[in-house]
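Architecture at a glance
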Amino acid sequence: MSEKLIDTKVITYPDPEGMKKAAELIKSGALVAFPTETVYGLGANALMPDAAEKVYRAKGRPSDNPLIIHLADARDAEKYCYVTSGFERLAKAFMPGPLTVVMKKKDIIPSTVTGGLDTVAVRIPSQIAARELISLAGVPIAAPSANLSGRPSTTSADHVISDMLGRIDMIIDGGECDIGLESTIVSFCGENKLKMLRPGKITLEMLENEGFEVELDKAVTEKLAEGERPAAPGMKYRHYAPGAPVTLIEGDSADRNAFLAPLADDKSVAIICFEEDEEIKNASNAYVIGSKNDPEGQAHRLFSMLRAFDDKDEIKQIYAPLPEKSGIGLAIFNRMLKASGYTVIKV
Ligand code: AMP
Ligand code: MG
């Protein structure tokens, strides 16, 4: 089936006229991709039911996968959902920033935006172009990551152009995203108790330091059984995935490098490794994701790296170390596990 192509305008932030136009487009129900501190978002007016439907169509995303609404100010949240005291505390500690909170929605938010759920996910981004766009539009902006469904999220305007040109109305180029992984998502299981549905830059430890008890949703680290219903609907899909299959290697670095040694310089294989992996890092098919001790740097580079593999047709298999589960490492672990379709080998 051939879809009609839209003429996608690309602007570079800051561009005051362009930003006004972007805000007009959002208000009128058109689609605008914009940078945030996490990943690029594919924005639509969250108050318009058919704008959300356009988002699903542009991404090829199943429409039972709810969108996050982006606000300029945490104080606006009460217009769109039933705000809890826990939210106020989270807002004080972490907003604006890479934390999304799920709460009971008010009727003003159409059910197309929430995939039919009676809850809505709310985030206040800190990135300057995102904040300006939301303020100028004067409406909440529903935005999933600006990638085709199933592909790695977009962390630069080039990524967005490659997935979305011809499918949306405008792309705001605001450079590379700072963090490079999607926001942390939590919901409440009590006033003082959170469930983490998706890990991100705001870590379990950081939430606990604010006095919350935090439970990790099972789907973050484990494959759900056939027919099991995830708490965060999007988490059930194979996600964040490059074209070639990914295998994660569990084992210490000596064993991992010994396993990989025979694959060095094999053009059909891509090896993701750390700066410290002296034995393998100089192979022509090795890709250094950063220092073992710099998970933030790894997070920043991960999706770019996975996407770059898609441009190299000769790569048929990708190997990567199984990430550590502490701090932001848990978010990298979760994304890599999904990218691999839970393929882990022990060496
Ligand atoms: P993305 O916009 O691509 O970062 O994905 C948004 C994700 O947020 C969805 O795939 C869900 O996992 C999660 N989410 C959004 N709204 C809700 C909600 N109301 N309840 C639970 N999870 C949600
Ligand atoms: Mg996404």
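As the structure is a prediction and not an experimental result, all values here were calculated from the model. Position labels on residues start from 1 in each chain and follow its written sequence. Chains carry letters and ligands carry numbers; both start at the beginning, A for chains and 1 for ligands, and go up in the order they are written. Whole-chain, interface and lining totals are the exception, using all residues; otherwise, since this is a predicted model, local features are given only for residues with pLDDT of at least 70 and side-chain atom pairs are given and counted only at 80 or more. Each side-chain value is worked out from all heavy atoms of the structure, with water and hydrogens disregarded.

1. Quick word on the pattern of salt bridges
- Salt bridge, as used here: a side-chain nitrogen of Lys or Arg that lies within 4 Å of a carboxyl oxygen of Asp or Glu. Enumeration according to the criterion identifies 13 salt bridges in this entry.
- Taking the shortest distance from any N to any O, the salt bridge between Glu 37 and Arg 123 comes out at 2.8 Å. Highlighted residues: Glu 37 in the loop between β2 (32-34) and β3 (41-45) and Arg 123 in strand β6 (residues 119-123), separated in sequence by 86 residues.
- Assessed through its relative accessible area of 2%, Arg 123 is described here as buried.
- Among the ionic pairs, Glu 182 bridges to Arg 335, the shortest N-O distance being 2.7 Å. Of the two residues, Glu 182 sits in the loop between β8 (170-173) and β9 (184-190) while Arg 335 sits in helix α9 (residues 329-339), which places them 153 residues apart along the sequence. Residue Glu 182 shares its accessibility class with Arg 335, and that shared class is buried.
- Each of Arg 151, Asp 163, Arg 307 and Asp 310 takes part in a single network of salt bridges with overlapping partners. Numbering of helices and strands runs from the N terminus; a helix is a DSSP stretch of H or I covering at least four residues, while a strand is a stretch of E covering at least two. A 1.4 Å probe rolled over the protein chains alone gives each residue an accessible area, and that area as a share of the maximum for its type sets the label: buried under 20%, exposed over 50%, partly exposed in between.

2. Considerations on helix α2 (residues 49-59)
- Turning to α2, its buried residues number three or more, namely Ala 51, Ala 52, Val 55, Tyr 56, Ala 58 and Lys 59. Within α2, the buried residues cover an arc of 165° as seen down the axis, which keeps them to one side.
- Two residues form a contact once any of their heavy atoms are found within 4.5 Å. On its buried face, α2 sits against β3 and α5 (157-164).
- Following α2 by one or two positions, Gly 60 has its phi on the positive side, about 70°. Directions from the helix axis toward the C-beta atoms define the arc.

It is worth stressing that arrangement in space is one thing and function is another; only the former is reported here.
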